[in-house]
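# Chains, contacts and geometry: an overview
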Amino acid sequence: QVQLVESGGGLVQAGGSLRLSCAASGRTFSIDAMSWFRQAPGKAREFVAALRWSGANTYYADSVKGRFTISRDNAKNTVYLQMDSLKPEDTAVYKCGAATQYSSRMSYYTLKEKYDSWGQGTQVTVSS
């Protein structure tokens, strides 16, 4: 089992930046990919960004492409989400997930059902 703990959320004005962190522990050797999803009130959980744990592949939702960057520090077993040019519509609870099933297609990791572990989430609020 993999345990995930997110941090770094907060309140920011539109156009500002935040960096989220997701620290993994436990059976981290079993992770194939990690991702960030978000869920706004009254909406379904949606994919934001994914990263292959042992390589350089990344994948982004169209709504965040060019504004958000996913990265990792393997020595710290931590994944980051750098969020720039934030918009009010980015307001949501952000959760990281860990997937242990390999797929050669990064689009596979846009599906929340493919994840085995989730963090508790961190709130991001963007004011206009």
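Everything in this summary refers to the structure shown in the same document. This one's a predicted model, so the numbers in the text were calculated from it and none came from an experiment.

## Digging into the pattern of salt bridges
Per the counting criterion, the structure on display carries 6 salt bridges. As a salt-bridge pair, Arg52 and Asp32 come within 2.9 Å of each other at their nearest N and O atoms. Of the two residues, Arg52 is situated in strand β5 (residues 46-52) and Asp32 in the loop between β3 (18-26) and β4 (33-39); the sequence distance between them amounts to 20 residues. The burial state of Arg52 is the same as that of Asp32; both residues are buried. Salt-bridge contacts for Arg38 lead to Glu46; the nearest nitrogen and oxygen are separated by 2.6 Å. Its relative accessible area of 6% is what places Arg38 among the buried residues. Residues joined by salt bridges that share partners form a network here, namely Arg38, Glu46, Arg67 and Asp90.

## Some points on the packing of aromatic side chains
For the structure on display, the rule yields 6 aromatic pairs. When the ring of Phe37 is compared with that of Phe47, the centres are 5.6 Å apart and the planes differ by 75°; the resulting orientation is edge-to-face. Placement of Phe37 in strand β4 and of Phe47 in strand β5 is noted, with a sequence separation of 10 residues between them. The class for Phe37 is buried, based on a relative accessible area of 1%. Judged by centre distance (5.0 Å) and plane angle (80°), the ring pair of Tyr108 and Tyr109 falls under edge-to-face.

Conventions used here
Along each chain, numbering runs from 1 in the same order as the chain's sequence is written. Only residues with pLDDT of 70 or above have their local features reported here, since the model is predicted, and side-chain atom pairs are shown and tallied only from 80 upward, although totals for entire chains, interfaces and linings are computed over all residues. Water and hydrogen atoms were dropped before computing side-chain values, which therefore reflect all heavy atoms in the structure. Definition used for salt bridges: Asp or Glu carboxyl oxygen within 4 Å of a side-chain nitrogen of Lys or Arg. Helix and strand assignments come from DSSP, with helices taken as H or I runs of at least 4 residues and strands as E runs of at least 2, each series counted from the N terminus. Type-normalised accessible area, obtained with a 1.4 Å probe on protein chains alone, sets the label of each residue: buried when under 20%, exposed when over 50%, and partly exposed for intermediate values. Here a Phe, Tyr or Trp ring, Trp counted by its six-membered ring, pairs with any other such ring whose centre lies within 6.5 Å, and the pair is stacked when the planes are under 30 degrees apart, edge-to-face when over 60, and tilted otherwise.

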